[in-house]
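The lines below spell out each chain.
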Amino acid sequence: MVLTSTPFGFHVPGPHAVLAGIQAVLLTAFVLAELLLGLYSSHRTLVLWRWWRSVSRKSVPPAPSFRFRTKPGCRDWSRITVQLPIYNERLVVDRLLDSVAALDYPADRLEIQVLDDSTDETRLRAAAAVARHRARGTDIRHLHRTQRSGYKAGALAAGLAEAKGELVAVFDADFVPPSGFLRRLVPHFDDPAVGMVQARWEHLNRDRSLLTAAQAAMLDAHFLVEHRARMASGLFINFNGAAGLWRRACIEDAGGWSHDTLTEDLDLSYRAQLRGWRFVFDPNVHSAAELPGDIEALKSQQRRWAKGSIQTARKVLPSLLSARLPARVKLEAFFHLTGNAAYPLVLAVALLLWPVLLGTRMDSPAFAGILQMGVSLLGVLQVALFLAVARRASGGGPLQLICDVPAALVLGVGLSLNNARAVIEGMRGRVGNWERTPKTGDGSLRTIDLARYDSGRGLSGRAEIALAAYLAAVTVFAGCGGHYRTVPFLMFLLAGFLYVGTESMRSSLGRRCRLGTARGG
């Protein structure tokens, strides 16, 4: 080490030694981020293996019968309360209530609660729809809260206190359940150990744009691969917040709905399974829902999911890891709850690439091998395979795979900054606000309505565009410096941040114009 004397007689490392130390720290951080990212990506391969094993063994719950099952002298259908938590959803509330009122279930065994926390004209539209369906003989009530305490969890808990049902179904405002939804899920509760049954989500506006197609591919991977693999392997799964049916006794035994995280569904799911309740995923039953058609709406949704999952991990992991459960159950639960940690890792790799390239001899075979394996084989390819299998399982053909899988990969990378911020916030103590995801009802943008339901703040997308500019400079440097093996990965990162950044800026500028039009009108 080179030492430099100071006027006071002390010796400090020379500038070259300091620079070498900084480079060593950056390289260590880069390799560590790559290894962790590769670990999370490899987990996808493990899930795929479990999925393949479940498919080969046909480990899927049989489709329940539609017929009435009878006990001597009576119909054996449980009483159900359907809860519909809504907040400022005037564009979709009529569609929701009409579809739920049309559910094919014995009328004397069905109760519907409209849990309305709205502060706009949604309250009047909901009240009118409730009155219309009550006049037709539907047992439906409009429960309006003047204070939104506890957000969605608070609304569900308040409704449960007045519910009559032994089973409780939940649908968010953008869902359109088919008429036979309840009849097909109820028979799963013949097993007294079953606490919740989750149905599959389908997508009303999958084909509207590349953005919605990419989201659908991601969600298909969660439902058709992850849920099925976990259930078939006896691992914990989760209620997804909507299109599921709970046993009321399970909710109460687990401690009820809690609002100390932003993902009350994930929180309650783990608490219930830690109490010994069994969860079921039935891929044969589905309910369609609307995907966010606007990038800012999607970023709002993703922030809540990412932040809430980390909050839930902080809350339940200590109890879960100390519980008397098989190691494989604990390991899968850890990866499930902390999966969003991959976003800060992607961001770290993107930011550290240039200083690592500057300070490391790329002709070193060991380093080149780590770089190529980490960012390509252990990352992108495994996730791409995971998404491709799910897209195929959802009925996608070769053209859909070619379009949707790359779109989902690029979108996931582009959301890294947005979601990394949420993950860091989730590590803190404050719960934060529960952001609603704006919906349009018919999947199209509306000039006035999106401005009124805007959840964005200021001019969005600037940080992603700045990152894209940085990565463009790194790409040029890598290409000119002969570091060709890094260029494909850099182009992949660049495409993600550039897409999300430009779409965010276009969306926020468009909303400013629409808001001005709305105010002027």
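Position labels on residues start from 1 in each chain and follow its written sequence. Local features in this predicted model are restricted to residues of pLDDT 70 or higher, and side-chain atom pairs are both shown and tallied only at a pLDDT of 80 or more, whereas totals for entire chains, interfaces and linings draw on every residue. Excluded from the side-chain calculation are hydrogens and water; included are all heavy atoms of the structure.

**Describing the pattern of salt bridges**
Next up, step 1: In what follows, salt bridge is the name for a side-chain nitrogen of Lys or Arg lying within 4 Å of a carboxyl oxygen of Asp or Glu. For the structure shown, the criterion picks out 27 salt bridges.
Next up, step 2: A salt bridge links Asp191 to Arg278, with the nearest nitrogen and oxygen atoms 2.9 Å apart. With Asp191 in the loop between helix 5 (181–185) and strand 10 (194–203) and Arg278 in strand 12 (residues 278–289), the pair connects residues that are 87 residues apart, well separated along the chain.
Next up, step 3: Residue Glu503 pairs with Arg506 through a salt bridge whose shortest N-O separation is 2.8 Å. A residue pair is termed a helical-turn pair when its members lie 3 or 4 positions apart in one helix, as Glu503 and Arg506 do in helix 17 (residues 487–520) at three residues.
Next up, step 4: A single network of salt bridges, built from pairs that share partners, joins Arg44, Arg50, Glu226, Arg230 and Glu332. A run of H or I in DSSP becomes a helix once it reaches four residues, and a run of E becomes a strand once it reaches two; helices and strands are each numbered from the N terminus.

**Quick word on the packing of aromatic side chains**
Next up, step 1: Pairing of aromatic side chains requires ring centres within 6.5 Å, counting the rings of Phe and Tyr and the six-membered ring of Trp. Pairs whose planes differ by under 30 degrees are stacked, by over 60 edge-to-face, and all others tilted. Applying the stated rule across the entire model yields 15 aromatic pairs.
Next up, step 2: Taken together, a centroid distance of 5.5 Å and an interplanar angle of 80° make the contact between Phe239 and Trp246 edge-to-face. Across the pair, Trp246 and Phe239 agree in class, each one buried.
Next up, step 3: When the ring of Trp354 is compared with that of Tyr470, the centres are 5.7 Å apart and the planes differ by 50°; the resulting orientation is tilted. The rule is simple: take the accessible area with a 1.4 Å probe, protein chains only, and divide by the maximum for that residue type; under 20% is buried, over 50% is exposed, in between is partly exposed.

**So, the environment of Thr119**
Next up, step 1: Position of Thr119 relative to the elements: it lies in the loop between strand 6 (110–116) and helix 3 (122–135).
Next up, step 2: If sequence neighbours within four positions are ignored, Thr119 has contacts with Tyr87 and Asn88. Whether two residues are in contact is decided by their heavy atoms, any of which lying within 4.5 Å being enough.

**Quick look at unusual backbone geometry**
Next up, step 1: Positive phi, close to 55°, is recorded for Asn88, a residue that is not glycine.
Next up, step 2: Looking at the element boundaries, Asn88 is found in the loop between strand 5 (80–86) and helix 2 (93–101).
Next up, step 3: Positive phi outside glycine occurs at Ala243, with the angle close to 60°.
Next up, step 4: By the secondary structure assignment, Ala243 is in the loop between helix 6 (210–232) and strand 11 (244–247).

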